[in-house]
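Take a look at the letters that make up each chain.
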Protein chains: 2
Amino acid sequence: MNNCSWCNLTDEDRKYLLYENQYWSVYLADEQDYVGRCIVVSRRHCASLAELDSTEWESLRTVIQMVEGCLKEVLGADVCNWSCLMNDFYKTSEPDPHLHMHCRPRFGKPVIINGNEYTDEEFGHHYAPRKKTQLQDADRESLFAILKQRFGT
Amino acid sequence: MNNCSWCNLTDEDRKYLLYENQYWSVYLADEQDYVGRCIVVSRRHCASLAELDSTEWESLRTVIQMVEGCLKEVLGADVCNWSCLMNDFYKTSEPDPHLHMHCRPRFGKPVIINGNEYTDEEFGHHYAPRKKTQLQDADRESLFAILKQRFGT
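Residues numbered from 1 in each chain as written. Chains lettered and ligands numbered in written order. Predicted model: local features only at pLDDT ≥ 70, side-chain atom pairs only at ≥ 80, totals over all residues.

**Student:** Mind showing me how you'd approach the interface of chain A and chain B here?
**Tutor:** When the parts of a complex come together, some accessible area is lost, and that lost area is often taken as the interface size. Counting residues at the interface gives 29 residues for chain A, matched by 29 residues for chain B. Where the side of chain A that touches chain B is concerned, the elements lending two or more residues are helix 1 (54-75) and strand 4 (79-84) of chain A. Of the residues contributing to the side of chain A that touches chain B, the split by class is 14 nonpolar, 10 polar and 5 charged. One ladder, built from 3 bridges, connects strand 4 of chain A with strand 4 (residues 79-84) of chain B; its direction is antiparallel. (Contact = placed C-beta atoms within 7 Å. Helix = DSSP H or I, 4+ residues; strand = E, 2+ residues; numbered from the N terminus. Nonpolar A, V, L, I, M, F, W, Y, C, P; charged D, E, K, R; others polar. Pairing = 2+ DSSP bridges.)

In structure tokens form, the structure reads like this:
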């Protein structure tokens, strides 16, 4: 836990924080392979979904509803791809995973931000795990502002 | 719902049922790309995690604990990769998704079934989405019997 980067996020790491409650933080992901991709991070150092207590689990339901609702309403996402993997932690000899979930919104129609069009080329198929960020920097800032406003309401 | 294949499973489809309660069914997946891969299916026709009611959500926590516990204890899984995607439903013009989650157990050491060794070549990395079934037919039957027994206790 002392060495866990998720337990020791810097202000820079937390720059794209969209929402936070007692148990969960929601960030706009660094990797914008799919426009609006978010990460939901447990505020407690917890290894897996199975180890969440009932209060954290109930709160996660509310957070998932917020994130899905926001991405569907604001960006027109057709569906959200949720994944909880934690594979990177298992590259080390003493894995100490910190629970987080990825949410990749998927789009049947292009998303337009500041006049720039982003198309989900893999719609209807599994997300491409190694896809590069699609979003231009200025559009990321605009997207963050729009989503942050929506989460704040 | 009338046309939903998940709402109209045949006895053959349900052959690899491991566990069922009022809200969820757990199957050993047809695709054994990762040994012990399971699918958790909502018994109600429900489109997304966000649409689960509080009773279904609470029950899902118990089911996740059972599945993770079983795959770790019986097979020695190091971590379980959970995903809730539903992309296939969006290949049609009128998507009518039925909520289900995939659980791929991941292994730092080979799993041995009936003397046959299965290695998770991608351990520490994202699962390979299009990986073919690894498990031999007889080993699948043995695996199902072992897991079924564990779920029954």
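**Student:** What's the story with the relation of the copies chain A and chain B in this structure? I'm lost.
**Tutor:** Two chain copies, one operation linking them: a rotation about an axis together with a shift along it. For the pair chain A and chain B, the relating rotation is 180°, the translation along its axis is 0.0 Å, and the fit reaches an RMSD of 0.0 Å. What we have between these two chains is a two-fold relation. Of the C-alpha atoms belonging to chain A, the one lying closest to the rotation axis is found on A:Ser83, 2.1 Å away. Comparing contact sets, 100% of the residues at the interface of chain A also lie at the interface in chain B, consistent with an isologous, same-surface contact. (Least-squares fit on C-alpha atoms with pLDDT ≥ 70 in both.)

**Student:** Can you help me understand the sheet that holds strand 5 (residues 100-106) of chain B in this one?
**Tutor:** Neighbouring strands of a sheet are bound in pairs by backbone hydrogen bonds; such pairs are parallel or else antiparallel. One open sheet accounts for 10 strands, arranged 1(A)-2(A)-3(A)-5(A)-4(A)-4(B)-5(B)-3(B)-2(B)-1(B); its pairing is antiparallel. The open sheet has two free edges, formed respectively by strand 1 (17-20) of chain A together with strand 1 (17-20) of chain B, since each of these has just one partner strand. For this sheet, the mean angle separating the axes of adjacent strands, direction not counted, is 20°. The strands touched by helix 2 (residues 137-152) of chain A within the sheet are strand 1 and strand 2 (24-28) of chain A, with strand 1 of chain A carrying the most contacts at an inclination of about 15°. (Axes fitted to C-alpha atoms, helices over the stretch in contact; angles between N-to-C directions.)

**Student:** Which parts of the structure should I look at to understand the environment of A:Tyr27?
**Tutor:** All names here are of chain A. When you line up the elements, Tyr 27 lands in strand 2. Residue classification places Tyr 27 among the buried positions, given that 21 C-beta atoms sit within 10 Å. The spacing of Tyr 27 and Val 41 is 14 residues in sequence and 8.0 Å in space, taken between C-alpha atoms. With sequence-adjacent residues up to four places away left out, Tyr 27 is seen in contact with Tyr 16, Leu 17, Leu 18, Cys 38, Ile 39 and Val 41. (Buried ≥ 20, exposed ≤ 12 C-beta atoms within 10 Å, placed from the backbone.)

**Student:** Explain the nonpolar core to me, please; I cannot follow it from the model alone.
**Tutor:** Buried together is how nonpolar side chains tend to be arranged in soluble globular proteins. Counting 68 residues, the largest nonpolar core has A:Val67 and B:Val67 as its most contacted members. Ignoring any residue separated from it by four or fewer positions in sequence, one finds A:Val67 in contact with A:Val26, A:Cys38, A:Val40 and A:Cys103. (Core = buried A, V, L, I, M, F, W, Y, C linked by C-beta atoms within 7 Å.)

**Student:** Looking at this structure, how should I read unusual backbone geometry?
**Tutor:** Most peptide bonds take the trans configuration, and most residues that are not glycine carry a negative phi. Residue and element names in this part refer to chain A. Even without glycine at this site, Met 86 takes up a positive phi of about 70°. Of note, Met 86 is situated in the loop between strand 4 and strand 5 (100-106). Overall, Met 86 belongs to the buried group, with 22 C-beta atoms counted inside 10 Å. Of note, the phi angle at Asn 114 is positive, near 55°, even though the residue is not glycine. Inspection of the secondary structure puts Asn 114 in the loop between strand 6 (111-113) and strand 7 (116-118).

By themselves these figures say nothing about function.
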